[in-house]
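Residue-level structural notes
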Amino acid sequence: MTRNGLKNVGAHLPSTVLNRAGVHMDKLSSLLSHWKANVGEPLVSHSFPVSYDNGRLSLRADTSAWASRLRHSQADIMDRLRADPYFQDLQELYVRVLPERARGPLEKKREVLLPSRIPDTAAHLIKSVADDIVDPALRKSLIRLAGARDKQPQPKR
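Keep in mind it's a predicted model, so treat the numbers as computed, not measured.

As judged from the 6 bridges shared by strand β1 (residues 47-53) and strand β2 (residues 56-61), these two strands associate in the antiparallel manner. Bridged to Ser51 within β2 is Ser58. Connecting β1 to the antiparallel partner β2 that follows it, the hairpin turn spans 2 residues, and Asn54 within it adopts a positive phi of roughly 50 degrees. Two elements, β2 and strand β3 (residues 92-97), share 6 bridges in a ladder whose sense is parallel. Looking at the pairing, Ala61 lines up with Val97 of β3.

Here you go:
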């Protein structure tokens, strides 16, 4: 923020850069909407298109399991996508796993358990709802949330 208020970054960039960025964003938006319209759940929730050039569609998957599922379903996905004129020249799917944040070799994933502020009745309700959830990641998270009140942080030795 300056003395005169907020300044638009675009005011300091050449118009050619802004035009190229706008075209790129439009392409990505169009690609994403066609991907969502043709592929469907649950793949859409665990993958997204990165680029589509020269008949090659590059995808990113949340985990290696979802990347494997995309690769396994590649023929079916390509058939569905080719039915859309946007993907008429599709020849190849390229699937990669979305990389996690790089960690140092000695850095471990920190998991701090704080005493829960969830009342017993709410924890019971969350746990009962979790039993009916189809998505395994969401179910696991809800069960962990409901069970957090049972766990107390362990003192460090």
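A few words now on the nonpolar core. Trp35, Leu57, Leu70, Ile77, Leu81, Leu90 and Leu93 are the most contacted members of the largest nonpolar core, which has 19 residues in total. Those residues in contact with Ile77, other than ones at most four positions away along the chain, are Trp35, Val39, Leu43, Leu70 and Leu93.

Turning our eyes to something else, we now look at helix α4 (residues 74-82). Residues of α4 that are buried: Ile77, Met78 and Leu81. Summarising the axial view, the buried residues of α4 lie within an arc of 95 degrees, below the 170-degree limit, and thus occupy one face. More than 90 degrees from the buried face of α4, the exposed residues found are Ala75 and Asp79.

With that out of the way, let us pick up the packing of aromatic side chains. Tallying each qualifying case throughout the model produces 3 aromatic pairs. Ring geometry for Tyr86 versus Phe87: centroids 5.0 Å apart, planes at 80 degrees, classification edge-to-face. By way of ring pairs, the aromatic residues Tyr52, Tyr86 and Phe87 are connected into one cluster. In this structure, Arg56 packs its charged tip against the face of Tyr94, placed 4.0 Å from the ring centre.

Definitions and limits used
Numbering of residues starts from 1 in every chain and runs along the sequence as written. In view of the model being predicted, local features appear only for residues whose pLDDT reaches at least 70, and side-chain atom pairs are presented and counted only at 80 or more, with totals across whole chains, interfaces and linings using the full set of residues. Only heavy atoms go into the side-chain values, all of them from the structure, while hydrogens and water stay out. At least two bridges found by DSSP between two strands is the condition for calling them paired. Helix and strand definitions here come from DSSP, where helices need a minimum of 4 consecutive H or I residues and strands a minimum of 2 consecutive E residues; each element is numbered from the N-terminal end. Here the nonpolar core consists of buried residues drawn from Ala, Val, Leu, Ile, Met, Phe, Trp, Tyr and Cys, with membership extended through side-chain atoms lying within 4.5 Å. Only protein chains enter the calculation, and the probe is 1.4 Å; a residue is then buried if its accessible area is under 20% of its type maximum, exposed if over 50%, and partly exposed in between. Two residues qualify as a contact provided that any one of their heavy atoms is within 4.5 Å of a heavy atom in the partner residue. Directions from the helix axis toward the C-beta atoms define the arc. The rule is short: rings of Phe, Tyr and Trp, with Trp giving its six-membered ring, pair when the centres are within 6.5 Å, and they are stacked under 30 degrees, edge-to-face over 60, tilted in between. The rule for a charge over a ring is simple: NZ of Lys or CZ of Arg within 6 Å of the ring centre, and within 35 degrees of the ring normal.

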